[in-house]
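Chain residues, written in single-letter form:
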Amino acid sequence: MITENRTPAPVIARNWLKLGITPLPLPPARKAAVIPWKDLIITENNIEDNFTPDANVAVRLGDGLVDIDLDCDEAVALGQFLFTDANWTFGRDDKTRHIMIRCRNITPFKIQWPRSIKTAQDKKFIVELLGDGNYVVGPGSIHEGTAQPITWYKKPDKPALGLSPKELTRRINRLAGAAILVRSWSDYEGGRHFVIRDLSGACIHAGWSEFEIHQHIGAILHCVNDPEIRDRKKAVDDTLTKAAAGEAITGFNSLAEYLAPDVADALKTLWGLSMDVMDTHTIGGTPITAAAPAVSEWPELLPFDDSIQVAEHAFPVDGLGPIMAAAVRDGIAVQLVPEALAAQ
């Protein structure tokens, strides 16, 4: 039976075929396929044979079509700020939970929560990239766990956003890192100004642009509803200003002091941050960010030339005054040491 105002599954399936994407039949309000689906061929001629009107409709991924599955509340909240350019998005309960992207030659992957901030209620992952060998339950279907309708938020009226594997991986990693900071934000009470300052510096050292720093830190602050957002923004702006002026700025070394070790490790990996000591300098007035130069091998040591004579000069004991001079001479006589050593 079709729920009120729900588009029949065969119609949904035909719409996917028009986009050059293979739809897959699922039982009503279910997400698990009950028939072999990887090699299933769906055409205009056999849609009615495979899709009952009330069936759920999945989409076979691969061949350049991937899906970002925002698997937690933090990722869902951040997605609206960090993937504003995506134009195929859908979800349920008025929240975008899936973002479809065109990207070839990328292997699906999943990002887990650090153990220290994972809760018993959590799913295992922060975010998943689904692709070859996966399918996703699409709009027009019913979500199995909540019975809520799955809805388009940005319909496929134009081609899906296309990204390179490197760019897509980088953006997903950064979203996951931001989700970790949102989840652990309460742990930084009393030190949040310094966390934002050091986070900004770490991103500068890692080569982030000013726009990227403002975008990600702004998204984090919005999602945690930080009450001192003006102070946080000033911390970011002050750090950027100092870096542009060629002044030394703090970075990941300082930031890591505020983070749980596994959170620090995760953020280091996901955001491409470094524990290396890096300072901002200038060359000809142009700011640069540079690590300390590598130490080359030491040159071969040469022996002293015995022919070189060093002139000897007596320590000026008399210059110490009569009392100190007498004390030094007594020390020389008792300890049998040179004047300069006795004078210390």
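Rules and cut-offs
Residues numbered from 1 in each chain as written. Predicted model: local features only at pLDDT ≥ 70, side-chain atom pairs only at ≥ 80, totals over all residues. Heavy atoms only, no water. Helix = DSSP H or I, 4+ residues; strand = E, 2+ residues; numbered from the N terminus. Buried < 20%, exposed > 50% of the residue type's maximum accessible area, 1.4 Å probe, protein only. Contact = heavy atoms within 4.5 Å. Pairing = 2+ DSSP bridges. Axes fitted to C-alpha atoms, helices over the stretch in contact; angles between N-to-C directions. Phe/Tyr/Trp six-rings, centres within 6.5 Å; stacked < 30°, edge-to-face > 60°. Lys NZ or Arg CZ within 6 Å of the ring centre and 35° of its normal. Left-handed = near helix turned anticlockwise from the far one by under 90°. Nonpolar A, V, L, I, M, F, W, Y, C, P; charged D, E, K, R; others polar. Core = buried A, V, L, I, M, F, W, Y, C linked by side-chain atoms within 4.5 Å. Arc of directions from axis to C-beta.

Caption draft 1: Molecular detail of the overall build of the protein. Summing up its helical and strand segments, the protein has 11 helices and 11 strands in all. Within the span of the protein, comprising 344 residues, buried residues form 42% of the whole. Sequence separation of at least 24 residues holds for 73% of the intrachain contacts in the protein that already meet a minimum separation of 6.

Caption draft 2: Molecular detail of the sheet that holds strand E2 (residues 56-60). With antiparallel pairing, the 3 strands of this open sheet are ordered in space as E1-E2-E8. Only two strands of the sheet have a single partner each, and these edge strands are strand E1 (23-26) and strand E8 (135-137). Across the sheet, the mean angle separating the axes of adjacent strands is 35° when strand polarity is ignored. Relative to E8, E2 is paired through 3 bridges, and the arrangement is antiparallel. Within E8, the position partnered with Val59 by the bridge is Val136.

Caption draft 3: Seen up close, the sheet that holds strand E3 (residues 65-70). Judged by pairing direction, the sheet is antiparallel, and its 6 strands sit side by side in the order E6-E7-E3-E5-E4-E9 without closing on themselves. Of all strands in the sheet, those bounded by a partner on one side alone are strand E6 (109-112) and strand E9 (151-154). This sheet shows a mean twist of 20° between the axes of neighbouring strands, independent of strand direction. Helix H4 (residues 165-183) contacts E3, strand E5 (95-102), E6 and strand E7 (125-130) of the sheet and is inclined by roughly 165° relative to E7.

Caption draft 4: Here's a closer look at the packing of aromatic side chains. A full pass over the atoms with the stated rule returns 6 aromatic pairs. Judged by centre distance (4.9 Å) and plane angle (85°), the rings of Trp37 and Tyr135 are edge-to-face. Taken together, the residues span a long stretch of sequence, with Trp37 in the loop between E1 and helix H2 (47-50) and Tyr135 in strand E8 at a distance of 98 residues. Since its relative accessible area comes to 16%, Trp37 is described here as buried. An aromatic cluster is present here, built from Trp16, Trp88, Phe90 and Trp152 joined pairwise through their rings. The side chain of Arg174 reaches across the aromatic face of Trp208, ending 3.6 Å from its centre. Cation over ring: Arg183 sits above Trp113, and NZ or CZ is 4.0 Å from the ring centre.

Caption draft 5: View of the packing of helix H5 (residues 192-205) against helix H7 (residues 229-244). Where H5 meets H7, the closest approach of the two axes is 9 Å, and the angle between their N-to-C directions is 35°. With respect to the hand of their crossing, H5 and H7 are arranged in right-handed fashion. Contact residues: Arg192, His193, Ile196, Arg197, Ser200, Gly201 and Ile204 in H5; Asp231, Arg232, Ala235, Val236, Thr239, Leu240 and Ala243 in H7. Taken together, the residues that form the contact of H5 with H7 break down as 6 nonpolar, 4 polar and 4 charged.

Caption draft 6: Spatial organisation of the nonpolar core. The biggest cluster of nonpolar side chains holds 62 residues, and the ones touching the most others in it are Ile68, Phe83, Ile101, Ile126, Leu168 and Trp271. In terms of residues, this core owes the most to one element, H4, which gives 9 residues. Ignoring anything within four residues of it in the chain, the contact list for Trp271 reads Asn173, Arg174, Gly177, Ala178, Leu181, Leu199, Cys203, Ala206, Trp208, His216 and Ile220. Residues Ile21, Phe51, Val59 and Leu130 belong to the second largest nonpolar core, which totals 27 residues.

Caption draft 7: Region of interest: helix H9 (residues 261-270). By the burial criterion, the buried members of H9 are Val263, Ala264, Ala266, Leu267 and Leu270. One face of H9 carries all of its buried residues, which in axial projection span an arc of 165°. Among the exposed residues of H9, those pointing more than 90 degrees away from its buried face are Pro261 and Thr269. Residues of H9 that are buried in the fold lie against E6, H4, H5 and helix H8 (252-256). One or two positions beyond H9, positive phi appears at Gly272, with a value near 65°.

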